[in-house]
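Observations on chain architecture
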Amino acid sequence: MARLIRMDRSGHTTLAEWTAADEQAVEAAVATFREQLDAGYYAVVSEGEGRARQVDELPVDAELVILRRPIAGG
Amino acid sequence: MIDEVLPETAAVYWRPRVDERHLDRRARLWTLTTVAHTIPYLAASGVLLWLEPLAAPVVFVLLAHAWVIPALYAKRGANVLRRRPRADGGAERTALGLLGDLVGHQARDLHARTGLVLERGRFGVWLVGEAGAVLVRPGGRRVHCWCVHAEDRSLPSGDRIAHLLLALRTDEQGFATVANLAFSGSRRRVRRRLHPEHRPALDTAAAAARPTVQAGARDSIRRAMSKPLTRPDHSGHDLPDRAPARPSTRPRSGHPHRAR
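One structure accompanies this document, and this report is about it. This is a predicted model, so every value here is computed, not measured. (Residues numbered from 1 in each chain as written. Chains lettered and ligands numbered in written order. Predicted model: local features only at pLDDT ≥ 70, side-chain atom pairs only at ≥ 80, totals over all residues. Heavy atoms only, no water.)

With that settled, the discussion passes to the overall build of chain B. On a plain count of helices and strands, chain B comes out with 9 helices and 7 strands. Taken over 260 residues, chain B has a buried fraction of 41%. Taking contacts inside chain B between residues at least 6 apart in sequence as the whole, the part at least 24 apart equals 67%. Accessible area of chain B: about 15600 Å², with a carbon and sulfur share of 59%. (Helix = DSSP H or I, 4+ residues; strand = E, 2+ residues; numbered from the N terminus. Buried < 20%, exposed > 50% of the residue type's maximum accessible area, 1.4 Å probe, protein only. Contact = heavy atoms within 4.5 Å. Areas by Shrake-Rupley, 256 points an atom, 1.4 Å probe, with all protein chains shown as cover.)

For the rest of this paragraph, the subject is a nonpolar patch on the surface. Residue and element names in this part refer to chain B. Taken together, the side chains of Val35, Ile39, Leu42 and Leu63 present a nonpolar region at the surface, about 320 Å² in accessible area. Among the elements that make up the nonpolar patch, the one with the highest residue count is helix H1 (residues 20-51) (3 residues). According to the relative accessible area criterion, Leu63 is partly exposed, its value standing at 38%. (Patch = residues over 30% accessible without salt bridge, like charges linked within 9 Å, V, L, I, M, F, W, Y side chains within 5 Å. Salt bridge = Lys/Arg side-chain N within 4 Å of Asp/Glu carboxyl O.)

Tracing the backbone shows Asp101 of chain B in helix H3 (residues 89-102). Sequence separation of Asp101 of chain B and Phe175 of chain B is 74 residues, and the distance between their C-alpha atoms is 21 Å.

Residues and elements named next belong to chain B. Per the counting criterion, the structure on display carries 11 salt bridges over all chains. Between Arg137 and Glu20 there is a salt bridge, with its nearest N and O atoms 2.7 Å apart. Of this pair, Arg137 sits in the loop between strand S3 (132-136) and strand S4 (142-150) while Glu20 sits in helix H1; the two residues are 117 residues apart in sequence, bridging distant segments of the chain. The partly exposed category is assigned to Glu20, whose relative accessible area is 35%. It is possible to trace a salt-bridge network through shared partners that takes in Glu20, Asp24 and Arg137.

Time to look at the sheet that holds strand S5 (residues 64-68) of chain A. Residues and elements named next belong to chain A. Sheet architecture is open: 5 strands sit in the order S2-S1-S5-S3-S4, paired in mixed fashion. Here the strands that pair on one side only, and so sit at the sheet edges, are strand S2 (11-18) and strand S4 (52-55). Each strand axis lies, on average, 30° off the axis of its neighbour in the sheet, ignoring direction. Where helix H1 (residues 23-38) meets the sheet, it contacts strand S1 (2-8), S2, strand S3 (42-46), S4 and S5, and its direction lies at approximately 140° from that of S2. (Pairing = 2+ DSSP bridges. Axes fitted to C-alpha atoms, helices over the stretch in contact; angles between N-to-C directions.)

This part is about the packing of H1 of chain B against helix H2 (residues 56-79) of chain B. Two quantities define a packed helix pair, namely the angle between the axes and the distance from one axis to the other. Residue and element names in this part refer to chain B. In the contact formed by H1 and H2, the axes pass within 7 Å of each other and the chain directions differ by 170°. Classified by the angle their axes make, H1 and H2 are roughly antiparallel. Contact residues: H1 offers Trp30, Thr34, His37, Thr38, Tyr41, Leu42, Ala44, Ser45, Leu48 and Leu49, while H2 offers Ala56, Val58, Val59, Leu62, Leu63, His65, Ala66, Ile69, Pro70, Tyr73 and Arg76. Across the contact of H1 with H2, the residue classes tally to 15 nonpolar, 5 polar and 1 charged. (Parallel < 35°, antiparallel > 145°, perpendicular 65-115°, else oblique. Nonpolar A, V, L, I, M, F, W, Y, C, P; charged D, E, K, R; others polar.)

Contacts between the two partners involve 33 residues from chain B, matched on the other side by 26 residues from chain A. For the pair chain B and chain A, the two sides together bury roughly 2600 Å², of which 60% comes from carbon and sulfur. Our count for the chain B to chain A interface comes out at 1 salt bridge. Note that Glu8 of chain B is salt-bridged to Arg68 of chain A, the shortest N-O span being 2.6 Å. (Buried area = accessible area lost by both parts, 1.4 Å probe.)

Before going further, it helps to examine the pairing of strand S1 (residues 117-120) of chain B. All names here are of chain B. Pairing of S1 with strand S2 (residues 125-128), which is carried by 4 bridges, proceeds in the antiparallel orientation. Pairing of Glu119 across the sheet is with Trp126, part of S2. In this structure, the hairpin formed by S1 and S2 is closed by a connection of 4 residues, where Gly124 is found at a positive phi of approximately 150°.

This part takes up helix H4 (residues 105-114) of chain B. Structural remark: α-helix, 3.6 residues per turn; residues separated by three or four positions point the same way. Residue and element names in this part refer to chain B. When we look at burial in H4, the residues that qualify are Ala107, Leu110, His111 and Thr114. The arc that holds the buried residues of H4, viewed along the axis, is 100°, so those residues lie on one side. For H4, exposure combined with an orientation more than 90 degrees from the buried face picks out His105, Ala112 and Arg113. Of the surrounding elements, those touching the buried residues of H4 are H3, S1, S2, helix H5 (157-170) and helix H8 (199-209). Two residues or fewer past H4, Gly115 is found with a positive phi of approximately 80°. (Arc of directions from axis to C-beta.)

Below you can see the structure in the form of structure tokens.
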């Protein structure tokens, strides 16, 4: 089962879970994903050691999508 | 393949995107700055001592300046890896679980021992901390220390590192562009000023940043040393490289060069 998680003060929070076959779950995950992006989070898919990909649309086939806050220097 | 661009770079649009040449130029500038801070004090102290030996106390102050200013810069570099206040235990454990999923066994072990995550990149080997990262350049002698943090200060330490790690993996050049360079210089100068807990991580990163050709050659030599040497034979069989031991014509006692 794929998960959408957000890194926050609790460690991380699971916001949505879905399987590609479950359309309702996917729709709910996409809606949540969009809300979080609008709230200023960035979404990243880890692609193994040393690689990550930033995404603007929920990749339904990804196992784990991580929401992170922006980074800044200083 | 098109490299992804970290969206945070838009907030620092005036900065040129960091690349190899940029890093080398910054490194040379830092070296020049260090020399410019040191040489005048050293020269002035030499001249003063030559003109008036009784001015030794003033010379001592000048020499102290020549030492302290570069030391403070190196300390600033070491401080990028300083630990920040912890969140509550449950949040820390949850965050560490996620961080552990993102890195391999070796990086996980290193993090457990030192609190830092090692990540190989195109520019060199990175050590990622909670509010900064140190880039060990190929060869392992020079480091660049960067101040960079996740904007949410309430995050547990594991999540702070995970934020930086994911951004670094997404776009290494963008990561180095967004981050503020706190120091560039000798790894040894930074190492002396690091918290003792962090020093093994820097040593590991430096070892990882040394040319792989040498390491590969060492391994080949080690492998070759452990195997019996063989050479091809025209008959199709492998023969030992060395001939069977024959009775030596040299005297048995003493070093061969000494036997005359």
